[in-house]
Amino acid sequence: MESVESELNAPRAFPARHCTRFEDHFAIIRERIRIERKIKTLEYDLSSDALRLSEEYQNRLKVLESLNFVEKKMVSLKGRIGCEIHHQELLITELILDYKFHKRSPPELAALLSTLTCQYNSGRELQFAPDSVFGEIRESVNSVLGRLEAVASKHKSHISDLGSEIRFDLMEVVYEWAKGTPFYRIMEMTDCQEGLIVKCIQRLDEVCKDVRNAGRIVGDPALVEKRKKSVLQSEEILYLLPPCILRSNYL
């Protein structure tokens, strides 16, 4: 014990003990070690090993299995279709496979997909006749959305607020736009600002391309052709817009 004590008290053995700012320096080292341990904890939490143990991950996997996106821990054909979609993947895939697109004309399809890309909220409840095109579109989207939310609720999973991004406010505007209606007449139909309408159409263009790619996997040439026509129409309309609108701060 005397030998150990003598070694510990040797001035040259541990020079840090004789530092006049020992406590300040020790506090810095302690904080550094604390941060390094926190980084290691966060890296593990974000790793695939930790994800496999996550309850939310397991619940979402059960949702995908119930919807047949995953079969025997492998991505199914339906899942491959969903992988081609980069926005509202589950909802759009279900709409495709439920044949909600096949009987629609390109303008009607554009109106349907605009419900997923619209960021405008008129603040009032929209009224559509049940037998009208827009009433049928809203019913189609809400029925599929309700089914997805029921499956998610059954497995106690939270799937990114499926219905929070659904807006029906610009369906009629996009429908007329896809038909080639002049822009000045479209602006008479709504109090929405020009920039928000253009942004909706630009996002719609990307969704159309995703659906076209998904149609190739499904093996439905008619769906691919409709999507191709919708994409071309939206590109032509964007090309004809006044430059002042395309340079809007909303884009």
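Structure first, text after, so check above.
Residues numbered from 1 in each chain as written. Predicted model: local features only at pLDDT ≥ 70, side-chain atom pairs only at ≥ 80, totals over all residues. Heavy atoms only, no water.

1. A few points about the side chain of Asp169
- One can find Asp169 in the loop between helix 8 (133–154) and helix 9 (171–178).
- No salt bridge forms around the buried Asp169; measuring N to O, its nearest opposite-charge neighbour Arg167 is 4.8 Å away.
- Here Asp169 is in contact with Cys118, Tyr120, Asn121, Ser122 and Leu126, once residues within four sequence places are set aside. (Helix = DSSP H or I, 4+ residues; strand = E, 2+ residues; numbered from the N terminus. Buried < 20%, exposed > 50% of the residue type's maximum accessible area, 1.4 Å probe, protein only. Lys, Arg positive; Asp, Glu negative; His and termini not counted. Salt bridge = Lys/Arg side-chain N within 4 Å of Asp/Glu carboxyl O. Contact = heavy atoms within 4.5 Å.)

2. Overview of helix 9
- Most of helix 9 sits inside the fold, with six of its eight residues counted as buried.
- Those residues of helix 9 not exposed but buried are Met171, Val173, Val174, Tyr175, Trp177 and Ala178.
- Count one or two residues on from helix 9 and you reach Gly180, which has phi positive near 95 degrees.

3. Points about the packing of helix 6 (residues 89–97) against helix 11 (residues 194–218)
- Relative orientation of the contacting elements helix 6 and helix 11 amounts to 50 degrees, with a least axis distance of 11 Å. Judged by the angle between their axes, helix 6 and helix 11 are oblique. Along this stretch, helix 6 crosses helix 11, giving a crossing that reads as right-handed. Here helix 6 contributes Ile92, Ile96 and Leu97 to the contact with helix 11, which in turn contributes Val207, Val211, Ala214 and Val218.
- For the contact of helix 6 with helix 11, the per-class residue count stands at seven nonpolar, no polar and no charged. (Axes fitted to C-alpha atoms, helices over the stretch in contact; angles between N-to-C directions. Parallel < 35°, antiparallel > 145°, perpendicular 65-115°, else oblique. Left-handed = near helix turned anticlockwise from the far one by under 90°. Nonpolar A, V, L, I, M, F, W, Y, C, P; charged D, E, K, R; others polar.)

4. Observations concerning the nonpolar core
- Core analysis: the biggest nonpolar cluster contains 50 residues, and Leu91, Phe101, Leu113, Leu170 and Val211 have the highest contact counts within it.
- Mapped onto this core, the elements with two or more residues apiece are helix 6, helix 7 (106–117), helix 8, helix 9, helix 10 (183–187) and helix 11.
- The element contributing the most residues to this core is helix 11, with nine residues. (Core = buried A, V, L, I, M, F, W, Y, C linked by side-chain atoms within 4.5 Å.)

5. A word on a nonpolar patch on the surface
- The grouping of Val4, Leu8 and Phe14 at the surface amounts to a nonpolar patch, some 260 Å² of accessible area in total.
- Structurally, the position occupied by Phe14 is in the loop between helix 1 (2–9) and helix 2 (22–46).
- Overall, Phe14 belongs to the partly exposed group, its relative accessible area being 40%. (Patch = residues over 30% accessible without salt bridge, like charges linked within 9 Å, V, L, I, M, F, W, Y side chains within 5 Å. Areas by Shrake-Rupley, 256 points an atom, 1.4 Å probe, with all protein chains shown as cover.)

6. Side note on the packing of aromatic side chains
- The final tally for this structure, using the stated rule, is four aromatic pairs.
- Ring geometry for Phe128 against Phe134: centres 5.9 Å apart, planes inclined by 45 degrees, an arrangement best described as tilted. Judged on exposure class, the residue Phe128 and its partner Phe134 are both buried.
- Taking the centre distance of 5.9 Å and the plane angle of 65 degrees together, the rings of Trp177 and Phe183 count as edge-to-face.
- Trp177 sits in the buried class, given a relative accessible area of 2%.
- Taking the relative accessible area as the measure of exposure, Phe183 reaches 19% and is therefore buried. (Phe/Tyr/Trp six-rings, centres within 6.5 Å; stacked < 30°, edge-to-face > 60°.)

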